[in-house]
Amino acid sequence: RFRLKSLAQQGGSIRTLAEKTDNIQPNDGFMIRVTDEGRLLFQIRRAGGTVFTKETATSTIAVDTVYEVWITYANSGNAIKIYVNNIDKSLTDGTLQDWHGDLTDEDLSIFRRGFGSDNGYVYGDLYDFMIMREKVVSSTEVSRHYTNKWTIANIPFGQVMIANYWCTYDETPGLG
């Protein structure tokens, strides 16, 4: 979940929500960006350099609005899905994007481009972020998370966690 305060390009670069590469080529990596037209753009490079890029329609993202976004990628068929607030968005082929400037940096960059890039930072709020490796989340699981805000399990809103309460596990000597 995030909220952006600006969609305008920064120094000629579109805003980057997340970016990660694995090596100097890069052979594998991904990026999630938001264009100044409000398109969500997802690019993944895998299997030694094959690139897949998809994007949503214009005006998918607007400023000062909280969005819950899920992006899934399945190796079989190279299927990409983008969900925005529990809606499976129609996608078109996206424009190929350049990776960050210093490809020796393999760190995950969130709300900014990777090192070696001076522009494309996000002005906004990040509420939570997660990557699920080895799992393609289903539309049902996306819906569950959108409903309860914490988990992809089938638990109603308000029953996932107890706020303002803590408890630790400890065995008390002499009791049992």
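I will try to describe carefully the structure that is included in this document. Since the model is a prediction, treat every value here as computed from it, not as a measurement.

**A short note on the sheet that holds strand E9 (residues 87–88)**
Strand pairing in a sheet relies on backbone hydrogen bonds, with the paired strands running either antiparallel or parallel.
Logical step 1: Spatial ordering of the open sheet is given by E7-E8-E9, a layout of three strands whose pairing is antiparallel. The open sheet has two edge strands, strand E7 (69–74) and E9, and neither has a second partner.
Logical step 2: The sheet contact formed by strand E8 (residues 79–84) and E9 spans two bridges and is antiparallel. Residue Tyr 83 lies in a different strand from E9, and its bridge partner there is Asp 88.

**What about unusual backbone geometry?**
Logical step 1: The phi torsion at Ser 59 lies on the positive side, around 65°, for a residue other than glycine.
Logical step 2: By the secondary structure assignment, Ser 59 is in the loop between strand E5 (50–55) and strand E6 (66–67).
Logical step 3: Classification of Ser 59 as exposed rests on a relative accessible area of 61%.
Logical step 4: Despite not being glycine, Asn 85 shows a phi value in the positive range, around 50°.
Logical step 5: Summarising the element assignment, Asn 85 is placed in the loop between E8 and E9.

**Quick notes on a nonpolar patch on the surface**
Logical step 1: A cluster of nonpolar side chains, Leu 108, Ile 110, Leu 126, Phe 129 and Ile 131, forms an exposed patch at the surface whose accessible area comes to about 390 Å².
Logical step 2: Within the secondary structure layout, Ile 131 lies in the loop between strand E12 (124–126) and helix H1 (139–148).
Logical step 3: In this structure Ile 131 comes out as partly exposed when scored by relative accessible area, which is 47%.

Parameters at a glance
- Residues numbered from 1 in each chain as written.
- Predicted model: local features only at pLDDT ≥ 70, side-chain atom pairs only at ≥ 80, totals over all residues.
- Heavy atoms only, no water.
- Pairing = 2+ DSSP bridges.
- Helix = DSSP H or I, 4+ residues; strand = E, 2+ residues; numbered from the N terminus.
- Buried < 20%, exposed > 50% of the residue type's maximum accessible area, 1.4 Å probe, protein only.
- Patch = residues over 30% accessible without salt bridge, like charges linked within 9 Å, V, L, I, M, F, W, Y side chains within 5 Å.
- Areas by Shrake-Rupley, 256 points an atom, 1.4 Å probe, with all protein chains shown as cover.
- Salt bridge = Lys/Arg side-chain N within 4 Å of Asp/Glu carboxyl O.

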